[in-house]
Amino acid sequence: PNCHTHWNEFADVYEQQYPVALFNSVRYEIEGGGGTQSQLLHRKDALAGRSIFSGNLFQYLEENRKWRNRFVSVPNSYTISLYESKAAHERGLHPKVTISCAGYKALTSLDEYMELMNTSLPGIKAKVGSNPFIKCATQFPLILWHPYARHHYFCVMTEKEQKKWHAVLQDCVRHCNNGLSEDCPVQTPAFTDAVRLHRQAKGHYGTWDMMCGEPPQILANLVMETLHPELRNVIAPRLKGKMQQRQRNWMLISDAVYKQVLPQTKGQYEALVGVCEAQRVKLDATLRTDMDQIITSKEHVSSKIRALVLPKAEQLLRTSIQPYISSILEALMEPTSRGFSEVRDVFFKELVEISKNSLNGGGKEKLGEHMERLSMLAFHPVKMQSCYEKVEQLNLEGLQQRFDVSSPSVFVSRAQILMREQMDNAVYTFEQLLNQSLETQGENDLCKTMQKCQDRVLKKYDYDSSTVRKKFFREALLQIVIPYMLQQLSPSCSPELPRFKELIFEDFSRFLLVENMFEEVVLQSVTKDIMMAVKEAAVQRRHNLYRDSIILTNSDPNLHLLGETAAVDWAAKFGTDEADGTAEGGGSGEGGGSGKRRRQVVSMIQLDGVPLPYESCLEVPGVEQIPEEDVESKEEEKVEEKEEEEQEEEELPAEPKSPDSVNEIRDLINPVVEVVLPASEENQVNGTEPTTGTITMDDGLEEEVTHVTTVVDDAPKKSAKTSAQTILQQLIGNKEAETEKQRQEEADIKNAIEEIEIAVQDDDGGKQVPESDVELSPPPLKVTQLTDSSSHEDSGFQSPTNEAPEDGEPEPITNGLNRADQIIDPADVEVALA
C-alpha cells in the first residue's frame, strides 16, 4: 500500500508538470533562442555498427559458490552480456546474464566493497567472521555494487586485464547513468521536474545520486529510497548468522524486492506517459492559439510572486550564498579544466602518431588503420581514462553539508560525459576536414594537409571547450545553490502561494502553476550573481576560458555543411580490414546489422602463459575454499554444458537464484542447513518430535535443537532390481568394471556411515551433528531427517559422503527424492532456523 501511495503522488505531480513542460517547449519553438553555436561538428550516431569490448573473465556464481569462466560482450548499448562461451555468443544464443549498469559502482578491491557492505545494516550487532562471504579466486577482482540490486563479482588473471576491464565497466556505468534523452523536449523535463518536486515534498532538496538510468529505473530507485529503510528495520533484526552472512542475505532480499518493483514502475510509467500524450494535440492547439495571453498572464502573476519572494531571497543571498560562490566555483573549475585540457592533449598525441606514420611512409593501409582507431577515440575507455581521472579529483568537502550535496559524483559524471562529447566532436570534425582535403587536393604532401586540419580543429576545440565548461559551471552552481534556497524560503513563502492562483484564468491554469513560478523567481534572483562569478573567472584566464565578448562566428561558413554528410569509413576508403582482434562476430548483439561483423572499439586482451584454456568454461584454478574440478566432474560438466547450449536456443537460462517469493525470502531470514546422518532402524517413521539438544557449528558455537522431523521416502520394490552400480556405470560409461565398482561403492558408503556414527552423539533424545561448512548463528533450530542422499552443491554445503572422491574412486549416486532409482542409505538432516 505504501508503494501505491508513493506512485499515486508521483503520478499526480507528473500530470501537472506535463502541460507546463509542453508550454515551455512550444514557447521556445516560437520565440527561438539558444546559446552560442558550436564550432565543432557533432556526429549523430557515433557508435552505429560498433561494439565496445568483449573478452573473458571469471564470474562468481551465487547458486553454487563457484567461479566460472564467462565470455563477456559489451555492445553499443553499454549493457553487459555474459555468455557460456565465445561460441555461444557467435551462434547468437541468449546471454546467461544481462546487466544494466545504471546506479552501479565499479570496484577493484574487496576492501572497497566491504566498506560499502558495512553500511548496509547500520545498528545491527553481530559477530564479525574472519572471512568475507566471498573469497576472490585471483588477486584482481572486479565488483559491481548497487545500493538495492544484486551485486556482481568478477575477477581476471592479470593487473593489465583488471585496469582495462575496470575502465570498460566504469564507462558502462557512466553511459547508463546518463539515460534521459534530450530528444524528448516535453517528456524529459516533465519527468525530471516531477521527480524533483516529489522528493522536495518528502523533504529531500539536495542532489540525488540515484537519478540514473531510464525513467522506470529512476522511479524504482525513488520507491526504494523510502521502502528500503522500512524493510531493513523490519527484516534486519531477524537475520541470523555472522555479520557477513547477514549482509549477503540482506543484499539478496533487497534484490528480490527491487526486481518486483522495477517491472511495476515500467508498466505504470508507460501508462502514465500514454495518458498525457493522448492529451498533447488538444493542449498544443490551445497553446498556439492563446500563447500571447498565457505569457502576459504569467508575467503578471510572476511580478506579484516576485514582490513577495525577492526581499527574502536577497537577504538569504547576502548572508548564506554569495560568500561561498567563488569557493564552489573554484572547486568545480580546477579538476574540470584539467580534464578538458587532458582531452586536448590525448587528441593531439593521436594526431602526432598519425603524422609520424605518414612521414615514415606507412602507406594507405596503415593510415586507414590509424584513422579507424582515431574515429572511436572518444569511446575508448582506456585511452580516455587519464582524462576521466582528472575530474574525479573534484572535491566539495566542507560545502556538501551546508548545501545538502550528497556527493560530487553527479557533477563528475556530467563533466565526463561532456568531455567525451567534445572529444568525439573534435575527432569527427578532423575526419570530415581531412576527407574533404584529400578529395580536393589529393594525397600529395599528406602530412602538411593533416597539420592544417589539426590546427583548425584545435582552435575550434579550445573555443567550444570554454563554452561548454562555462555552461557546466553555471548549471552546477545552480544545482547546488537553488535546492538550498528553496529549502530555506519554502517554509515562509509556500503558504502564501495558493492565493496567487486566483489571478490565473481557469483556461490557462494547467500551463501556469504557482509552484513553478515561485522556483523561477528564486532562480532569477541568484542567476545574476552566478553569471558574474563565471564571467570574472573567465577574465582571469586561469583556466583557459574565453571571455564572453569573444565570439567566433562564420569562421568556417561551409563547415556545417560537412556535418550533413555521412561519416567516413576509412577502412573501406583505403581498402583495409580491422586488425588486432577488433572485429567481432555479429551474433544477435545490438548496434550491428544482422549477419554483419561489428567493429570493436577496444581491442581484445592477448594473454601469454595463461595456465588454462581461456576460451573454455572451466573453473578457475583452485584456491583455498574454492574446489578444483576432478576429471569425472569435468566430463559430466561437458555433457551438461552441451545440453544447456541446446536448450538455450529454445529458452533463456535461469540467472543465479534470487529470493523472488515470500517463502524464499523467509528462508534467508531463517536459513536452512543440510547435513548427512545415518538413519537408524528405529527412527524410520514419519513425524516430528520435540527434543532438546545441540548442534555444533563450524565456528564452535553450539546451537539449540528444538525438533527432529523424520521423513521416510518409501522406495518401490522394483528399485531393488536397479542396483546402484548400474546407475554408476551409466554415468561413467565403464561396463567392464561393474562388479568391482559395486563392491568399492558399498565399501565407501559403509566407511562414510561409520565415520558419521563416530561423530553423532545422542544427548537426551537430541543429536549432535558434524560441523557444517555454512556459518549460521544463535536462533533455535529445527532438524529434519531425510532418508535420501541428494546433492548439496547449490547450498554450498558438502557432507563427508558427497565430497569429491579420491582418484579412482566412484562418485556416490545422488538422485532426487522423487526418483524411483535411488540409494536409501545415509540420511540427510535438514537444519532450519525456527
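Residues numbered from 1 in each chain as written. Predicted model: local features only at pLDDT ≥ 70, side-chain atom pairs only at ≥ 80, totals over all residues. Heavy atoms only, no water.

The name given to the protein chain in an unreviewed UniProt entry is Niban-like protein 1, and the organism recorded there is Sphaeramia orbicularis. Turning to the protein chain, the UniProt record has this under Sequence similarities (unreviewed entry): "Belongs to the Niban family." (UniProt positions renumbered as here; feature names shortened; annotations may be inferred.)

### Side note on the overall build of the protein chain
If you tally the helices and strands in the protein chain, you get 20 helices and 16 strands. In the protein chain, which comprises 834 residues, the proportion classed as buried is 50%. Taking contacts inside the protein chain between residues at least 6 apart in sequence as the whole, the part at least 24 apart equals 79%. If you sum the accessible surface of the protein chain, you get close to 40200 Å²; carbon and sulfur atoms cover 48% of it. (Helix = DSSP H or I, 4+ residues; strand = E, 2+ residues; numbered from the N terminus. Buried < 20%, exposed > 50% of the residue type's maximum accessible area, 1.4 Å probe, protein only. Contact = heavy atoms within 4.5 Å. Areas by Shrake-Rupley, 256 points an atom, 1.4 Å probe, with all protein chains shown as cover.)

### Details of the packing of helix H13 (residues 446-493) against helix H14 (residues 514-540)
Here H13 crosses H14 at 145 degrees, and the two axes come no closer than 9 Å. The way H13 lies across H14 gives a crossing that is right-handed. In this structure, H13 contributes Lys470, Phe473, Arg474, Leu477, Leu478, Val481, Ile482, Met485, Leu486, Leu489, Ser490 and Cys493 to the contact, and H14 contributes Phe518, Glu519, Val522, Leu523, Ser525, Val526, Thr527, Ile530, Met531, Val534 and Ala538. A breakdown of the residues in the contact of H13 with H14 according to their chemical character gives 17 nonpolar, three polar and three charged. (Axes fitted to C-alpha atoms, helices over the stretch in contact; angles between N-to-C directions. Left-handed = near helix turned anticlockwise from the far one by under 90°. Nonpolar A, V, L, I, M, F, W, Y, C, P; charged D, E, K, R; others polar.)

### Some details on helix H6 (residues 215-235)
Along its 21 residues, H6 runs 29 Å from first to last C-alpha, staying within 8% of the 30 Å computed at 1.5 Å per residue. Remark: the principal bend of H6, roughly 35 degrees, maps to glutamate 225, with a proline, proline 229, within the next four residues. (Expected span 1.5 Å × (residues − 1). Bend = angle between axes of the 7 residues up to and from the residue.)

### A few points about the nonpolar core
In this structure, Phe10, Tyr14, Ile305, Val309 and Phe430 are the most contacted members of the largest nonpolar core, which totals 156 residues. At 25 residues, the largest contribution of residues to this core is made by helix H8 (residues 280-359). Three or more residues apiece are contributed to this core by two domains, here domain 1 (1-25 + 182-299) and domain 2 (51-178). Not counting chain neighbours up to four residues away, the residues in contact with phenylalanine 10 comprise Phe191, Ala194, Val195, His198, Leu219, Leu222 and Leu272. If you look at the next biggest cluster of nonpolar residues, it comprises 19 residues, including Met117, Ile134, Ala137 and Cys155. (Core = buried A, V, L, I, M, F, W, Y, C linked by side-chain atoms within 4.5 Å. Domains from an automatic or database assignment.)

### Looking at the packing of aromatic side chains
If you walk through the whole model with that rule in mind, you get 16 aromatic pairs. When the ring of phenylalanine 472 is compared with that of phenylalanine 473, the centres are 5.8 Å apart and the planes differ by 55 degrees; the resulting orientation is tilted. Between phenylalanine 505 and phenylalanine 508, the ring centres sit 5.8 Å apart and the planes meet at 85 degrees, which makes this aromatic pair edge-to-face. For phenylalanine 505, a relative accessible area of 57% puts it in the exposed group. (Phe/Tyr/Trp six-rings, centres within 6.5 Å; stacked < 30°, edge-to-face > 60°.)

### With respect to unusual backbone geometry
Positioned with a positive phi, arginine 65 is a non-glycine residue whose angle comes to about 55 degrees. The topology assignment puts arginine 65 in the loop between strand E1 (50-61) and strand E2 (66-75). The phi dihedral of tyrosine 78 is positive, around 65 degrees, even though this residue is not glycine. Residue class for tyrosine 78 comes out buried when judged on its relative accessible area of 0%.

### Considerations on the packing of helix H10 (residues 381-391) against helix H12 (residues 409-441)
Between H10 and H12, the shortest axis-to-axis distance is 9 Å and the interhelical angle comes to 145 degrees. Of the two possible hands of crossing, H10 and H12 adopt the one that is right-handed. On H12, the residues that touch Met384, Cys387, Tyr388 and Val391 of H10 are Val412, Ala415, Gln416, Met419, Arg420 and Met423. In terms of residue class, the contact of H10 with H12 is built from eight nonpolar, one polar and one charged.

### What about the pattern of salt bridges?
Counted under the stated rule, the structure contains 25 salt bridges. A salt bridge links aspartate 193 to arginine 196, with the nearest nitrogen and oxygen atoms 3.1 Å apart. A residue pair is termed a helical-turn pair when its members lie 3 or 4 positions apart in one helix, as aspartate 193 and arginine 196 do in helix H5 (residues 187-201) at three residues. Salt-bridge contacts for arginine 280 lead to glutamate 277; the nearest nitrogen and oxygen are separated by 3.7 Å. (Salt bridge = Lys/Arg side-chain N within 4 Å of Asp/Glu carboxyl O.)

### Considerations on the pairing of strand E7 (residues 152-156)
Of all five residues making up E7, five are buried, and the element is well covered by its neighbours. Pairing analysis gives two bridges linking E1 to E7, with the strands arranged antiparallel. Bridge pairing links glutamine 59 to phenylalanine 154 in E7. Bridging between strand E6 (residues 140-145) and E7 involves five bridges; their strand directions are antiparallel. Within E7, the residue paired with isoleucine 143 across the bridge is tyrosine 153. (Pairing = 2+ DSSP bridges.)

### A word on the environment of histidine 42
Topologically, histidine 42 is positioned in the loop between helix H1 (2-31) and E1. Accessibility expressed as a relative area gives 52% for histidine 42, which makes it exposed. A sequence separation of 380 residues divides histidine 42 from glutamine 422, and the C-alpha atoms of the two residues are 8.8 Å apart. Sequence-distant contacts of histidine 42, defined by excluding residues within four places in its chain, comprise Asn425 and Tyr428. A polar atom in the side chain of histidine 42 sits 3.1 Å from the side chain of asparagine 425. (Polar contact = N/O pair within 3.5 Å; in protein donor to acceptor, adjacent residues only side chain to side chain.)

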